[in-house]
Each structure stands twice: as structure tokens, then as C-alpha cells.
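Residues per chain are reported as follows:
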Amino acid sequence: MHTLATDPAQRHYPPSWYAASAQLLPPFTPLQGDIKTDVCVIGGGYTGLSTALHLRKKGYDVVVLDAERVGWGASGRNGGHVGTGQRADQTSIEKWVGLEAAKGLWQLSLEAVRRVCDLIDEYQIDCELGSGNLHFAAKPSHAGGLQDELEHLETVYGYEQLSYVSPNKISELSSARGFHGALLDNGCRHLHPLKYALGLARAAQEAGIKIFEGTHGRPSSDGSTGEVITQYGRVKARHVVMACNAYLGKVMPRLAGNIMPINNFVIATEPLPSQLLQRINRDNLSMSDTLFVINYWKLSEDGRLIFGGGENYSSRFPRDIAAFVRPHMLKIYPELEWTAIEFGWGGAVGITLNRMPDFGRIGDHLWYAQGFSGHGVPTATMAGHLLAQAIDGDSSGFDLMASIPTHRFPGGTLLRWPGLVAGMLFYSLRDKFGH
Ligand SMILES: Cc1cc2nc3c(=O)[nH]c(=O)nc-3n(C[C@H](O)[C@H](O)[C@H](O)COP(=O)(O)OP(=O)(O)OC[C@H]3O[C@@H](n4cnc5c(N)ncnc54)[C@H](O)[C@@H]3O)c2cc1C
């Protein structure tokens, strides 16, 4: 029995400041019966919606299925940072794929940020787009790393949007405590993630893409046909795109073993007085630090601090997310001791072992892109463009992403947890006690 699918009104976005502040779309009805299309996209986050939109522009007939609602997954819950670069640093990427390919991947990352902005512009998506990111050195030893990174990106990649902020200058930009320098990247952007996802969905609908919510899709696992089975019907397609990322569940163990879903948490404060806002983030930048379990934050349009910090590796969220995240925020902004936390939520991040996304093709009909490792606002958007290009016959960008060596988690889907948890705990202890 699938009671969920027959009653769209019962499907809700998880409570978050994003869901409270976005204008939600009327629910799309579940798929009933059998239909035919060129491409069936499974998953209605940035990857799926961007794939669908880019395919539609090329004249393809496209169907999008989401088991819940569009933007219900990480795309509607994240920190909203639109960062330059890949999730892994360029020096590591150079070692994995060589300098030329690393340069190609760097250019793709810049194009990814541009593509987010272009889509926002083209479809007039009102999603609080802002500019600039300040990345703080959380340990004295990290400050040198940031300076080296700046020099490397300037000299090898010709990237000129970076400047180093020395410890004594930080206070001009932010009252954030405990940092040892920072890198300002004017090429980064930031936005309201759910408004962005819903804007893409609205554009998709207006472009004639059929969207079905409450519709759980299961493709053929070896990609030998383009048929997708759902609770109440089937889609017959020439191509199927898996865009489920950390919410893939048990549908395709073959893909699930390449990524690990980990839970990450975000809080939103009450609206802050303007003087305080000016003090904690003078230029309305997105901000983050160099810890392994990264802290990241930005301001909302209505003057709240949206702060992400802390993660867990279990199947459950902490009972009180606000209490879980608040100490991370207070360590950086002790002056917020008396500030109320009005929202707390969590989401699953799909990480890969080397933090580079996992792109690939199975059989003649099945494509996938996943494992954006906390960098999916630009990269998943870009993935959609590359998937669409590849399906349309030009796979150069897709192949470049797919050429990055990825590894399955040891133990596959069943036994990956103990090793991961031990590894993650080791690094989070290093955050606490290392220099
Ligand atoms: C708390 C948090 C903070 C983050 N912060 C940032 C950040 O600041 N910057 C950044 O770049 N990235 C960030 N990320 C990562 C980013 O949000 C993701 O990489 C990105 O949203 C992935 O998009 P997606 O479309 O691939 O997946 P999702 O948005 O997760 O969408 C997957 C969709 O697939 C659907 N689905 C799953 N299985 C099925 C099925 N069988 N049939 C039909 N539908 C199915 C789900 O319902 C879901 O809607 C963060 C993630 C989290 C959780």
C-alpha cells in the first residue's frame, strides 16, 4: 500500500526556515498509468531539474519523477553557498588526472557558478543571490595553506578573484572569533537554496516538462532498457537519468556503494538587529572555515544568521538540532548567546571517498551523476548541463567528469558504515585537538 502517493497534500517539505520563507508550488500529482517520453529523470533536485531544463532546450520530451516533492532533498535544505573550484583542492586533482585535465575541471567549476547565475537570470528566479565567500583558517597551520592556494590558483590557473585577509584585518569584515587569516573569493555566490530549486521546477513546468511528485521510480538496474517502474504506472523512455544522490536508498545498490550519505545540520536564528548584522558580516558574504567538519554560514534576506555545523553518521537526526548546532555557532559568535534559534533542520550529503562527484553510464540507457560531497549547488546544476549534452551526443564535459577515478566504499552498501564512522571521528578529533 502506498498511501503517500495518492494524497499529494500529505507530502511536506521538512520544516526549515527555507520552507517557511519560500513560496511553495502547488503539489504535482503522482504518475498514474503508462507514458512514453524521450528522457525520464528520476529525482527532482538540482541535478534532475537542471538536466530536464537543459534537455528541453534541445527539444527533448522530458519527464521528472520525485518520490517526495521537487527540492525536497538536499537541494531544498543546504547552506546555499555557490563555491568556485571542485570540492577537492586543485593540487590533489592535478595528482589524480594531470595538469591539463585539472585545468579543464577548474574551468568547469567556474562555468558551474556562471550557469547557476545564468539560470537565475534567464528564468527570473528570485532567490536572494549574493556574492563573495570568506573562508577562514581555523588553525594557525591552515593560514599558510590558504596563502599557498591563492598563489597556486593565481599563477597556474590565472584566477584573480582571491585576496588574503590577515588576522588583524578580519575584524573589519566580521566579528567571527578564533581564526588565523582568511581567503576572500569574490567569484563565489550564495542564495536561498529552496527558492532556487523551486524556481527551476517552475521553469521546467512552464517549458512543458511533466513533473510527477510522490512517484518512486525504479529503472532497470543494468541499463538494458529505458523502462522505469513506479507505484502506479510505468515510463517508457529512450534514456533514464538517476539524480537521487544521497536519497537514492535501496533502488540501485550498484550506485549506492559509490557514495555515503552523511547527515549535516543547519539552524536559523531570529532576525538580528542591523548593527549586529553589520558586525558579524559587514559585506553580506557567505562564510566558512577550514575544519574537516566544516562550519558554514550566511545571512538571510530578513536578517537571520543561517549557520551550518556538525554532522552525524547514523540513520537518525539528533532530537534537538538547534542544541546540536548552537555550540558551533557560539564558538565563532559568542555575542549570540542570547539570540533565539527559530529553526533547525538536517539533510543528507552524498559524499565520495575522494570528494569528487561520481558521473557514469550503465548500459545503453542509464546515466547518473551523484556524490557532490557538499558542493552540489554549482556542481549538480552543472551536472545537469553535462548530462543533457552527453545525451544529445556531445559527451566531452561529461567524460571529463567521469574520468576522475572514484572508489567504492569498502564493504559496499552494507558494511561501509563502521569504517566511515571511524574515519570521520578521527578527522573530527583532529579538528578539535590538532594545530
Ligand atoms: C545540510 C546540507 C548543507 C549543504 N550545503 C551546501 C552548500 O552550502 N553548498 C553546496 O554547493 N552544496 C551544499 N550541500 C550539498 C547540495 O545540497 C547537494 O549536493 C545537491 O543539492 C544535490 O542535488 P541533487 O539534485 O543531486 O540531490 P537532491 O537535492 O538530494 O535530490 C534528490 C531527489 O531524489 C528524490 N528521489 C530519491 N530516490 C528517488 C526515487 N527512487 N524515485 C524518485 N525520486 C527519488 C528525492 O526525493 C530528492 O528530491 C549541502 C547539503 C546538505 C544536506
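### Details of the packing of helix H3 (residues 46-57) against helix H8 (residues 193-206)
Now for step 1: Here H3 crosses H8 at 30°, and the two axes come no closer than 10 Å. Accordingly, the angle class assigned to the pair H3 and H8 is roughly parallel. Handedness of the H3/H8 crossing: left-handed. Contacts between H3 and H8 involve Tyr46, Leu49, Ser50, Ala52 and Leu53 from the first element and Ala197, Leu200, Ala201, Ala203 and Ala204 from the second.
Now for step 2: Its residues placed into classes, the contact of H3 with H8 shows nine nonpolar, one polar and no charged.

### A closer look at the site of the ligand
Now for step 1: Taken together, 44 residues sit near the ligand, with Gly45, Gly73, Gly79, Gly347 and Gly376 positioned nearest.
Now for step 2: Sorting the residues of the shell around the ligand by element identifies H3, strand E11 (260-269), strand E15 (341-351) and helix H12 (376-391) as the ones contributing at least two each.
Now for step 3: If you tally residues by element for the shell around the ligand, the top one is H12, at four residues.
Now for step 4: Of the residues assigned to the shell around the ligand, the class counts are 20 nonpolar, 21 polar and three charged.
Now for step 5: Both domain 1 (24-129 + 191-257 + 354-404) and domain 2 (130-182 + 260-351 + 412-435) contribute no fewer than three residues apiece to the shell around the ligand.

### A short note on the domain arrangement of the protein
Now for step 1: Segmentation of the protein into domains returns domain 1 (24-129 + 191-257 + 354-404) and domain 2 (130-182 + 260-351 + 412-435).
Now for step 2: At the interface, 26 residues of domain 1 touch 22 residues of domain 2.
Now for step 3: Mapped onto the side of domain 1 that touches domain 2, the elements with two or more residues apiece are helix H4 (90-97), helix H5 (99-122) and helix H9 (253-256).
Now for step 4: Residue classes in the side of domain 1 that touches domain 2 are distributed as eight nonpolar, 13 polar and five charged.

### A few points about the pairing of strand E10 (residues 233-242)
A regular strand places its side chains on the two faces of the sheet in alternate fashion.
Now for step 1: With nine bridges connecting them, strand E1 (residues 33-42) and E10 associate as parallel partners. Pairing of Lys36 across the sheet is with Lys236, part of E10.
Now for step 2: Pairing between strand E9 (residues 227-229) and E10: three bridges, direction antiparallel. If you follow Val228 over to E10, its bridge partner there is Val235.
Now for step 3: Count of turn residues in the E9/E10 antiparallel hairpin: three residues.

### Digging into H3
Now for step 1: Counted at 1.5 Å a residue, the expected span for H3 with its 12 residues is 16 Å, and the 16 Å between its end C-alpha atoms agrees.
Now for step 2: H3 sits mainly inside the fold: 10 of its 12 residues count as buried.
Now for step 3: All of the buried residues along H3 are Tyr46, Thr47, Gly48, Leu49, Ser50, Thr51, Ala52, Leu53, His54 and Leu55.
Now for step 4: Lining the buried residues of H3 we find E1, strand E2 (62-65), H8, E10, strand E17 (366-370) and H12.
Now for step 5: A positive phi of about 95° marks Gly59, the residue just after H3.

### Re the pairing of E15
Now for step 1: Among the 11 residues of E15, 10 are classified as buried, and the element is accordingly described as predominantly covered.
Now for step 2: Here E11 pairs with E15 via 10 bridges, running antiparallel. Of the residues in E15, the one forming a bridge with Ala268 is Phe343.

### Quick notes on the environment of Pro219
Now for step 1: Tracing the backbone through its elements, the reader meets Pro219 in strand E8 (residues 218-219).
Now for step 2: Taking the C-alpha atoms as reference, Pro219 lies 9.3 Å from Val235; in sequence the two are 16 residues apart.
Now for step 3: Apart from residues lying up to four places away in sequence, Pro219 is in contact with Ile42, Val228, Val240, Met242 and Leu366.

### Some words on unusual backbone geometry
Now for step 1: Positive phi, close to 50°, is recorded for Gln124, a residue that is not glycine.
Now for step 2: Here Gln124 falls in the exposed class, since 9 other C-beta atoms lie within 10 Å of it.
Now for step 3: With a phi close to 50°, Asn284 is a non-glycine residue in the positive phi region.
Now for step 4: Positionally, Asn284 belongs in the loop between helix H10 (274-280) and strand E12 (286-289).
Now for step 5: Judged by the 15 C-beta atoms lying within 10 Å of it, Asn284 is partly exposed.

### Topic: the environment of Gly33
Now for step 1: Note that Gly33 resides in strand E1.
Now for step 2: The exposed category is assigned to Gly33, around which 8 C-beta atoms lie within 10 Å.

Criteria and thresholds
Residues numbered from 1 in each chain as written. Predicted model: local features only at pLDDT ≥ 70, side-chain atom pairs only at ≥ 80, totals over all residues. Axes fitted to C-alpha atoms, helices over the stretch in contact; angles between N-to-C directions. Helix = DSSP H or I, 4+ residues; strand = E, 2+ residues; numbered from the N terminus. Parallel < 35°, antiparallel > 145°, perpendicular 65-115°, else oblique. Left-handed = near helix turned anticlockwise from the far one by under 90°. Contact = placed C-beta atoms within 7 Å. Nonpolar A, V, L, I, M, F, W, Y, C, P; charged D, E, K, R; others polar. Near = placed C-beta within 6 Å. Domains from an automatic or database assignment. Pairing = 2+ DSSP bridges. Expected span 1.5 Å × (residues − 1). Buried ≥ 20, exposed ≤ 12 C-beta atoms within 10 Å, placed from the backbone.

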